Amino acid sequence: MTPSETQAIVTLSLLAAFVDGEKHERERAEIKRIAEGLSQADGVNLPTLYQDVLMKRVSLASVLGKLKSTESRQLAYEMAVCVCDADGAQSDSERMFLADVRTSLGLGASAAGFSQQAEEIAAVPVAATAVATAANSPDGAELDKTILNAAILNGALELLPETLSTMAIIPLQMKLVYRIGQAHGYQLDSGHVKDFLATVGVGLTSQYLEQAGRKLLGGLLGKVGGGLLRGLGNQAVSSGMSFASTYALGHVAKRYYAGGRTLSAQMLKDAFSGVVKEGQSLQTQYLPAIQEKARTLDAGKVLSLVRGA
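Just so you know, these numbers come straight off a predicted model, no measurement behind them.

Q: I'd like a rundown of the pattern of salt bridges, residues and numbers included.
A: Tallied over the full model, the rule gives six salt bridges. Here Arg295 and Glu292 are joined by a salt bridge, their closest N and O atoms 3.6 Å apart. Remark: Glu292 and Arg295 occur in helix α14 (residues 265–296); sequence separation between them is three residues, near one turn of the helix.

Q: Could you give an account of the environment of Gln266, naming the residues involved and the relevant values?
A: Take Gln266: it is sitting in helix α14. When its relative accessible area of 47% is taken as the criterion, Gln266 is described as partly exposed. Sequence separation between Gln266 and Val200 is 66 residues, and the spatial gap between their C-alpha atoms is 8.0 Å.

Q: Go over unusual backbone geometry, please, and point to the residues and values.
A: Peptide bonds are trans in most cases, and residues, glycine excluded, mostly fall at negative phi. The backbone phi angle of Lys56 is positive, close to 60°, even though this residue is not glycine. For Lys56, the location among the structural elements is in the loop between α3 (49–54) and α4 (60–64). On the basis of relative accessible area, Lys56 is assigned to the exposed category, the value being 73%. Positive phi is not limited to glycine here, since Arg261 has a value of about 60°. Note on placement: Arg261 falls in the loop between α13 (241–258) and α14.

Q: Explain the nonpolar core to me, using residue names and the numbers behind them.
A: Counting residues in each nonpolar core, the largest one holds 94 residues, and the members touching the most others are Leu12, Phe196, Leu197 and Tyr208. Per-element tally for this core: the top contributor is helix α9 (residues 163–183), with 12 residues. Among residues more than four places away in sequence, those in contact with Tyr208 are Met79, Cys82, Val83, Ala86, Thr163, Thr166, Met167, Ile170 and Gly213.

What counts, and where the lines are drawn
- Residues numbered from 1 in each chain as written.
- Predicted model: local features only at pLDDT ≥ 70, side-chain atom pairs only at ≥ 80, totals over all residues.
- Heavy atoms only, no water.
- Salt bridge = Lys/Arg side-chain N within 4 Å of Asp/Glu carboxyl O.
- Helix = DSSP H or I, 4+ residues; strand = E, 2+ residues; numbered from the N terminus.
- Buried < 20%, exposed > 50% of the residue type's maximum accessible area, 1.4 Å probe, protein only.
- Core = buried A, V, L, I, M, F, W, Y, C linked by side-chain atoms within 4.5 Å.
- Contact = heavy atoms within 4.5 Å.

Set out below in structure tokens:
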């Protein structure tokens, strides 16, 4: 793909992020940070892109017009779908936006099928396979193992070139937090889990944008076939952020629910930032396990993976 097409894909993703007009200010700030970070880290000319989108200085038609290749059109649509589904099922405005994109790009039934797959992943309940645990008597060592396994799995999903694999990371993180809360006697719902993630500083839409954006700009996203081997040999594409963020979410959730949910929002943020750094330092140690897990994953069964977590 050309640099112009890459920039158009990121622009479309930002348009998709704001199409429902209901983003919390903290999520807007995260999206802005990510747009600026991608610009600085990867050399793509995006210094004013966030403001252009927010102030409606770019039109959908002008963005779509830059997508010349079949590959770029398909990938742009898939990323837009995943952005819309990252924080839950599509709203009416998001559904209309995606239909407009699909029609304008001349995409067929396979594109509509992709949207359906993404909707199904977004709709999987956090409590789908929860197992009852005696309240207030969790096995700490077992929880630590669960957290590490979840971090390795999400680190492996980050290496896969398919867009749905990237999207699966968020619901798997939500299920991890749910399971930890349940182990400590708390029956949570998806709303509480989303609030917990937002409080520690993990926005759903912004996290997907960051993960997918780095994979896209690193040349991994969409490279089906040789993409996996390329990802295994170039972990720097996304710096292992999914391993670290999942590891941190798990351990901060464990501390929070074990302590009776008494930590303040600032304490949660500070704890998360500290454990993310710990997770980043551990990522190199567990890289062989992440790579091995990636080799065993079937990207065509992402929905089953999320349902069975």
